[in-house]
Amino acid sequence: MMKNGKLFRLRRLSLAGDDKHLLVPLDHSVSDGPIVPADQWADLLRALVAGGADGIVVHKGRARALAPDILKSCALVVHLSASTACSADVNAKVLVGDVEEALRLGADAVSVHVNIGSDTEAQQLADLGAVARSCDAWGMPLIAMVYPRGPRIENPHDPALLAHLVNVAADLGADMVKTSVALPLDRMAEVVANSPIPILAAGGPPDGSDLVEYGTAVMASGCRGLAIGRRVFTSPSPAALVSRLSAVVHGGSGGGSGGDGTEPAARPDGRTDDMAHYSTMVAGIA
């Protein structure tokens, strides 16, 4: 029965039923501060749902305050980890929620953040393992957000390092892993080939270059989805941008350039040469 519960919840994380995912993390309000004024929060969520996001990621307090009608066709992921930009160690993530709380809130999945290479890596790994145990007991999908961050990391985009990280997530019980991308981006396929669980590519190009082209290259590498927050909720048109990203993830019309969500364009074709082109654009970005 619990196994069936996890399968049902995993199905709700993919609107198209193709086991591909477009998640919009909105947990930044804990780490960095407000992402939109309080009176615009519900409007932002409705825009993400209208655009076709498969799921949003929020902390338990935000989940508790959600109006029941908002997530009509969008999954709820409750994030269980936190730290703030004011901390002496911003990479030291701690658990601030548990699986039972997420279940009571109606969550379809939970997520846990682990920074490999940080000074508190050992405790974060222990926390991931403990949450995975609870997820198995309750039939709750677990998304591990595992990043190479800390004083022991020389190249956070090294494919071999990222392949190690995704296996850490899998071995400790995660159902999906969100992580950084390899650079050059065409080497992300190596990370995918070494991962026992689906990979969601985190974020987007920090230089502000085309987000939809980035998503196209990532999906062409074999990733099973995107998890993009800041570039979405700071867009002048989140619904339009999410619609284009959804088309990239699930197929269909609506993709293309104009990655800020302001201009329609032809859908990218996802060819390998697009990956090489994009890798050239972002080579050297930290």
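Our subject in this report is the structure included herewith. Since we're looking at a predicted model, the values are computed, not measured. (Residues numbered from 1 in each chain as written. Predicted model: local features only at pLDDT ≥ 70, side-chain atom pairs only at ≥ 80, totals over all residues. Heavy atoms only, no water.)

This brings us to the overall build of the protein. Secondary structure summary: the protein contains twelve helices and ten strands in total. Evaluated residue by residue, the protein yields a buried proportion of 53% over its 286 residues. In the protein, of all internal contacts separated by at least 6 residues, the share reaching a separation of at least 24 is 65%. (Helix = DSSP H or I, 4+ residues; strand = E, 2+ residues; numbered from the N terminus. Buried < 20%, exposed > 50% of the residue type's maximum accessible area, 1.4 Å probe, protein only. Contact = heavy atoms within 4.5 Å.)

Attention now moves to the nonpolar core. Counting 70 residues, the largest nonpolar core has Leu-26, Leu-48, Ile-56, Val-110, Leu-142 and Leu-245 as the members making the most contacts within it. Among the elements that line this core, the one with the most residues is helix α7 (residues 159–171), at seven residues. Setting aside residues up to four positions removed in sequence, Leu-142 forms contacts with Val-110, Ser-111, Val-112, Leu-128, Val-131, Ala-132, Cys-135, Gly-173, Ala-174, Asp-175 and Met-176. If you look at the next biggest cluster of nonpolar residues, it comprises 13 residues, including Leu-13, Ala-109, Ala-202 and Ala-227. (Core = buried A, V, L, I, M, F, W, Y, C linked by side-chain atoms within 4.5 Å.)

Two numbers describe how helix α9 (residues 211–220) lies on helix α11 (residues 238–250): the axes approach to 9 Å, and their chain directions differ by 20°. Taken as axis vectors, α9 and α11 run roughly parallel relative to one another. The chirality of how α9 crosses α11 is right-handed. Packed against α9, whose contacting residues are Leu-211, Val-212, Gly-215, Thr-216 and Met-219, the element α11 presents Leu-241, Arg-244, Leu-245, Val-248 and Val-249 at the interface. In the contact of α9 with α11, the residues fall into seven nonpolar, two polar and one charged. (Axes fitted to C-alpha atoms, helices over the stretch in contact; angles between N-to-C directions. Parallel < 35°, antiparallel > 145°, perpendicular 65-115°, else oblique. Left-handed = near helix turned anticlockwise from the far one by under 90°. Nonpolar A, V, L, I, M, F, W, Y, C, P; charged D, E, K, R; others polar.)

It is worth spelling out the packing of aromatic side chains at this point. All told, the structure shown has zero aromatic pairs when counted by the stated rule. Lying over the aromatic face of Trp-41, Arg-62 brings its terminal NZ or CZ to 4.5 Å of the ring centre. Over the ring of Tyr-147 we find Arg-149, and its NZ or CZ is 4.1 Å from the ring centre. (Phe/Tyr/Trp six-rings, centres within 6.5 Å; stacked < 30°, edge-to-face > 60°. Lys NZ or Arg CZ within 6 Å of the ring centre and 35° of its normal.)

This brings us to the pairing of strand β8 (residues 176–179). Residues in a regular strand project their side chains so that they alternate between the two faces of the sheet. Residue alternation in β8 divides its side chains into two sets, Met-176 and Lys-178 and Val-177 and Thr-179, and both sets are buried. Here three bridges tie strand β7 (residues 142–148) to β8, and the two strands are oriented parallel to one another. Bridge pairing in β8 places Met-145 opposite Lys-178. Regarding topology, α7 serves as the crossover connection from β7 to the parallel β8, and that connection is right-handed. The sheet contact formed by β8 and strand β9 (residues 199–202) spans three bridges and is parallel. Among the inter-strand pairings, Thr-179 is bridged to a residue of β9, identified as Ala-201. Taken together, β8, helix α8 (residues 188–193) and β9 constitute a β-α-β crossover, and its handedness is right-handed. (Pairing = 2+ DSSP bridges. Right-handed = clockwise from strand over helix to strand, strands pointing away.)

Let's shift gears to the pairing of β9. Neither face of β9 is exposed, since Ile-199 and Ala-201 on one face and Leu-200 and Ala-202 on the opposite face are all buried. Pairing between β9 and strand β10 (residues 225–227): three bridges, direction parallel. Bridging from a neighbouring strand, Ala-202 pairs with Ala-227 of β10.

The subject of this paragraph is the pattern of salt bridges. Considering all chains together, one arrives at eight salt bridges under this definition. When the shortest N-O distance is used, the salt bridge between Lys-6 and Asp-136 registers 3.3 Å. Placement of Lys-6 in helix α1 (residues 2–12) and of Asp-136 in helix α6 (residues 121–138) is noted, with a sequence separation of 130 residues between them. Asp-32 is the partner of Arg-230 in a salt bridge, and the nearest nitrogen-oxygen pair spans 3.0 Å. Of this pair, Arg-230 sits in helix α10 (residues 230–233) while Asp-32 sits in the loop between α2 (28–31) and α3 (41–51); the two residues are 198 residues apart in sequence, bridging distant segments of the chain. The exposure class of Arg-230 is partly exposed, given its relative accessible area of 44%. What emerges from the salt-bridge pattern is a single network uniting Lys-6, Asp-136 and Asp-175. (Salt bridge = Lys/Arg side-chain N within 4 Å of Asp/Glu carboxyl O.)

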